[in-house]
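Observations on the model geometry
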Amino acid sequence: MRVRTFLIELLVVCGLGTATIGTAAAQPAGPPAGYNIYEENTRKSPDGTVTVEQYLNKETDDWKWLFFARTKDTFTLLDPEPADYGADFRFTNDLKWIVRMQKEGSGEQTLYLYRLGPQGYVAATKEPLADLAWAFMKTRPDWRKIKKEPEYHIFAGLLKGLADNYRNLGVRWPENRYLVIGLSADADVKGRKPSQTGVVNGWQCRYDLQTGEFDVPAILARDNAKALVPQ
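Here is a short report on the structure shown in this document. Bear in mind the structure is a predicted one, so any value in this text is a computation, not a measurement.

Another point: the overall build of the protein. Scanning the protein from terminus to terminus reveals two helices and 14 strands. In the protein, buried positions account for 50% of the 231 residues. Carbon and sulfur atoms provide 50% of the accessible area of the protein, an area that totals close to 11600 Å².

Right, let's get into the packing of aromatic side chains. Taken as a whole and assessed by the stated rule, the structure comprises nine aromatic pairs. Geometrically, the ring pair formed by Tyr55 and Phe68 is edge-to-face, given 5.4 Å between the ring centres and 80° between the ring planes. Taken together, the positions of Tyr55 in strand S4 (residues 51-57) and Phe68 in strand S5 (residues 64-70) put the pair 13 residues apart, joining distant regions of the chain. Here the two residues Tyr55 and Phe68 agree in accessibility, since each one is buried. An aromatic cluster is present here, built from Phe136, Trp203, Tyr207 and Phe214 joined pairwise through their rings. In this structure, Arg100 is placed above the aromatic ring of Tyr112, and the distance from its NZ or CZ to the ring centre is 4.2 Å. In this structure, Arg206 is placed above the aromatic ring of Tyr178, and the distance from its NZ or CZ to the ring centre is 3.9 Å.

Time to look at the pairing of S4. S4 sits mainly inside the fold: seven of its seven residues count as buried. Alternating residues of S4 divide into Thr51, Glu53, Tyr55 and Asn57 and Val52, Gln54 and Leu56, and every residue in both groups is buried. As paired elements, strand S2 (residues 35-37) and S4 share three bridges and run antiparallel to each other. Across the sheet, the residue bridging to Ile37 is Tyr55, located in S4.

The subject of this paragraph is the environment of Leu209. Structurally, Leu209 is set in the loop between strand S13 (196-208) and strand S14 (214-215). By relative accessible area, Leu209 is classed as buried at 2%. When the C-alpha positions of Leu209 and Tyr178 are compared, they lie 5.7 Å apart, and in sequence the two are 31 residues distant.

Further remarks concern the environment of Thr139. Looking at the element boundaries, Thr139 is found in the loop between helix H1 (129-138) and strand S11 (152-159). Thr139 sits in the exposed class, given a relative accessible area of 60%.

Another point: the nonpolar core. Side chains that are nonpolar tend, in soluble globular proteins, to be buried together. Core analysis: the biggest nonpolar cluster contains 40 residues, and Leu179, Ile181 and Trp203 have the highest contact counts within it. Elements with a contribution of two residues or more to this core: strand S8 (97-105), strand S9 (108-117), H1, S11, strand S12 (178-188), S13 and helix H2 (218-227). Ranked by residues supplied to this core, first place goes to S12 with seven residues. One finds Phe67, Ala69, Ala87 and Phe89 within the second-largest nonpolar core, a separate group that totals 16 residues.

This structure, assessed with the given rule, holds 13 salt bridges. In this structure, Arg90 engages Asp88 in a salt bridge whose closest nitrogen and oxygen atoms are separated by 3.2 Å. Of the charged contacts, one joins Asp223 and Lys226 as a salt bridge, the two residues approaching to 3.3 Å between their closest N and O atoms. Taken together, the positions of Asp223 and Lys226, both in helix H2 and three residues apart, correspond to about one turn of that helix. We classify Asp223 as partly exposed; its relative accessible area is 38%. Salt bridges sharing partners connect three or more residues here, namely Arg43, Asp88 and Arg90.

Thresholds, definitions, all that
- Residues numbered from 1 in each chain as written.
- Predicted model: local features only at pLDDT ≥ 70, side-chain atom pairs only at ≥ 80, totals over all residues.
- Heavy atoms only, no water.
- Helix = DSSP H or I, 4+ residues; strand = E, 2+ residues; numbered from the N terminus.
- Buried < 20%, exposed > 50% of the residue type's maximum accessible area, 1.4 Å probe, protein only.
- Areas by Shrake-Rupley, 256 points an atom, 1.4 Å probe, with all protein chains shown as cover.
- Phe/Tyr/Trp six-rings, centres within 6.5 Å; stacked < 30°, edge-to-face > 60°.
- Lys NZ or Arg CZ within 6 Å of the ring centre and 35° of its normal.
- Pairing = 2+ DSSP bridges.
- Core = buried A, V, L, I, M, F, W, Y, C linked by side-chain atoms within 4.5 Å.
- Salt bridge = Lys/Arg side-chain N within 4 Å of Asp/Glu carboxyl O.

Function cannot be read off these values alone, since they describe shape.
So this is what it looks like as structure tokens:
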């Protein structure tokens, strides 16, 4: 698997108006038995007021992880389904949203989105944010240009620049409004050597945290054609 170099925030630990989805489930008082905090994976918001704590269970055949978000007044389990790997997290500057960048396997990563509610952080979308981004891509003309539908190394990441609202792109978007997502994946393409070919190489889209909609502004569209050339 090649290292993706399209300025996406990579997972670095070992191993957004979207309505809140439903009502927050009853929260546990703390991690279940067997889960112990893994301090080196703790992630804090820039101002230190929000902490994401990662708990690891080494008593299972395959180690499992749970993630809790702690504020001054709340302590919430972000996802009741244990993960196979630790994760990395990004915060919007207003701390209303958290993005979880979750490794799923060798060269594979997905994204989850959480929103701050009255009882703490809860899932902001019914499906992983990465799944929604891939579904959006399939509605675009670009999808028909892909050499072969992605088969493995399915990867979604945040474009660098969330902290300063993507000023590095030369834009002046509203504060705390957008996430820019990059997608990559490989497939076995007949006649290619090696056969493992990058058929999507950093295709980018924008997610509106206020409306829950995706789009591809011109600043991103310019590079998307190159992202679909097999590598």
